[in-house]
Amino acid sequence: MNIIIAFLISVLTLFTVPPYATYDNNDKTLDTPIVELNGNTLREVFEDGNLVTNGDFSLDSDSDGLADGFSKGGSATYTPTLSNGIQKITATSNGSLLLLKSQVLLQNDVYYFSTGYERSFTTSYAHVLGIRYASDYTPVISISSNGSGISSSLFTPTTSNTAQLYIGTVAAMNSGDYFTASNLCIVSLSFLSLSNLTKETLDYYYSLYRELIDLDGATITYLDYDLHDIALIIFFG
């Protein structure tokens, strides 16, 4: 028997929705084609379309605390820990500290970036998700305050090359400072013909994808939808 849980919630408390939003509010599962996503499903865009191998930080085959496919950069020594899909990097000396991963990005293509994070710095320096070509560091997402959350951005590379993704800081961290990364997602909007979508729209659908991943096997049904409130029934089973 299906278990039905009904929620009456304000959109503004869940998603960043611009005025006069017209998001597709048909019933949703992970595998429901969505008109606004060019007929793609949430799974096709944010799971199959995620270019970051092991972006969920689930694999650590040598149990060294550093997710497979990622490496360390920067001058500081560090301790990596990996737990429940969260990669934590703690400085054990003062200096720069980066979590690195090689990634092919194409010039002039539009990409959507999103990452979960937590940071605790005793310095005022920002830490970022960025792109590195040789010695050129291009910040894509900049996080300047301690705390946790999800941050996202749209990005168009000006160089077509095998880049290094970097998370961390090229400035100084102090010993004991740390940052985390989780659910690192990079989607080529150009490849999926979605480059017309705004960051706010993509944030909305990515948030929906994360909710449905957490509620495995659920269907979200929309009972009412306007600029203020949305009534959801989530079916399990």
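Preceding this section is the structure that the text describes.
**Student:** Can you explain the overall build of the protein? Please cite residues and give values.
**Tutor:** Along the backbone of the protein there are 3 helices and 13 strands. Taken over 237 residues, the protein has a buried fraction of 48%. Looking at the protein alone, contacts between residues at least 24 apart form 69% of all its contacts between residues at least 6 apart.

**Student:** Explain empty space enclosed by the protein to me, and be specific about the residues and the numbers.
**Tutor:** Applying the stated criterion across every chain, the model contains 1 cavity of 30 Å³ or more. Computed from the structure, the largest cavity encloses a volume of approximately 40 Å³. Around the largest cavity sit Thr-115, Gly-116, Tyr-117, His-127, Val-128, Leu-129, Ile-143, Ile-167, Thr-180 and Ala-181, which together line it. At the level of secondary structure, the elements contributing two or more residues to the lining of the largest cavity comprise β6 (111-120), β7 (127-133) and β11 (178-188).

**Student:** Give me the lowdown on the sheet that holds β11, citing residues and values where you can.
**Tutor:** What the 5 strands build is an open sheet, ordered β3-β4-β11-β6-β9; its pairing is antiparallel. Two strands lie at the open edges of the sheet, namely β3 (78-83) and β9 (147-155), each paired on one side alone. Averaged over all pairs of adjacent strands, the angle between strand axes in this sheet comes to 25°, irrespective of strand direction. Inspection of the sheet shows β3 paired to strand β4 (residues 86-91) by 6 bridges, in the antiparallel sense. Paired with Leu-82 across the strands is Gln-87, a residue of β4.

**Student:** If you had to explain the environment of Leu-194 to someone new, which residues and values would you point to?
**Tutor:** Here Leu-194 shows up in the loop between β11 and α3 (199-214). In contact with Leu-194, other than residues within four places in its own chain, are Glu-36, Leu-37, Asn-38, Val-45 and Leu-189.

**Student:** Hey, could you go over the side chain of Thr-32 for me, with residue numbers and the actual values?
**Tutor:** Positionally, Thr-32 belongs in the loop between α1 (11-14) and α2 (42-48). Within the local environment of Thr-32, its side chain forms a polar contact with the backbone nitrogen of Thr-29, the two atoms lying 2.8 Å apart. If we ignore the near neighbours within four places in the chain, the residues touching Thr-32 are Asp-27, Asn-40, Thr-41 and Leu-42.

**Student:** Mind laying out the nonpolar core, listing which residues take part and the relevant values?
**Tutor:** Among the nonpolar cores identified, the biggest contains 30 residues, and Leu-99, Phe-113, Ile-131, Phe-179 and Leu-184 are the most heavily contacted of them. The set of elements that each furnish at least two residues to this core consists of β4, β5 (95-105), β6, β7, β8 (136-143), β10 (161-173) and β11. The contact partners of Ile-131, leaving out residues within four places of it in the chain, are Leu-105, Phe-113, Asp-136, Tyr-137, Thr-138, Val-140, Phe-155, Ala-163, Gln-164, Leu-165 and Tyr-166. Ranked by size, the runner-up nonpolar core spans 21 residues in total, among them Tyr-112, Cys-185, Tyr-206 and Tyr-209.

**Student:** Just give me the short version of the layout of surface pockets, but keep the residues and values in it.
**Tutor:** Taken as a whole, the second largest pocket spans an internal volume of roughly 230 Å³. Around the second largest pocket, the lining is made up of 14 residues, and of these Phe-46, Glu-47, Asn-50, Asp-56 and Tyr-209 lie nearest the centre. Secondary structure elements with two or more residues in the lining of the second largest pocket: α2, β11 and α3. Class assignment for the residues of the lining of the second largest pocket results in 6 nonpolar, 4 polar and 4 charged.

**Student:** Provide a residue-level description of the pattern of salt bridges, including the pertinent values.
**Tutor:** Enumeration according to the criterion identifies 3 salt bridges in this entry. A salt bridge links Glu-47 to Arg-43, with the nearest nitrogen and oxygen atoms 3.6 Å apart. Separated by 4 residues within a single helix, Glu-47 and Arg-43 lie in helix α2, roughly one turn from each other. Take Glu-47: its relative accessible area is 32%, and that puts it in the partly exposed class. Overall, the relative accessible area of 24% leaves Arg-43 in the partly exposed class. If you follow the salt bridges from partner to partner, you end up with Asp-31, Arg-43 and Glu-47 in one network.

**Student:** Before we move on, could you go through α3 and cite the residues and values that matter?
**Tutor:** If you check α3, its first and last C-alpha atoms are 22 Å apart, about what 16 residues at 1.5 Å a residue would give, namely 22 Å. Within α3 the residues assigned to the buried category are Thr-201, Leu-202, Asp-203, Tyr-204, Tyr-205, Tyr-206, Leu-208, Tyr-209 and Leu-212.

What counts as what
Residues numbered from 1 in each chain as written. Predicted model: local features only at pLDDT ≥ 70, side-chain atom pairs only at ≥ 80, totals over all residues. Heavy atoms only, no water. Helix = DSSP H or I, 4+ residues; strand = E, 2+ residues; numbered from the N terminus. Buried < 20%, exposed > 50% of the residue type's maximum accessible area, 1.4 Å probe, protein only. Contact = heavy atoms within 4.5 Å. 1 Å grid on protein atoms, 1.4 Å probe; cavity = no way out; pocket = protein on both sides within 12 Å on 5 of 7 lines; lining within 4 Å. Points joined across faces, edges and corners; volume = space filled by probe spheres on them. Pairing = 2+ DSSP bridges. Axes fitted to C-alpha atoms, helices over the stretch in contact; angles between N-to-C directions. Polar contact = N/O pair within 3.5 Å; in protein donor to acceptor, adjacent residues only side chain to side chain. Core = buried A, V, L, I, M, F, W, Y, C linked by side-chain atoms within 4.5 Å. Nonpolar A, V, L, I, M, F, W, Y, C, P; charged D, E, K, R; others polar. Salt bridge = Lys/Arg side-chain N within 4 Å of Asp/Glu carboxyl O. Expected span 1.5 Å × (residues − 1).

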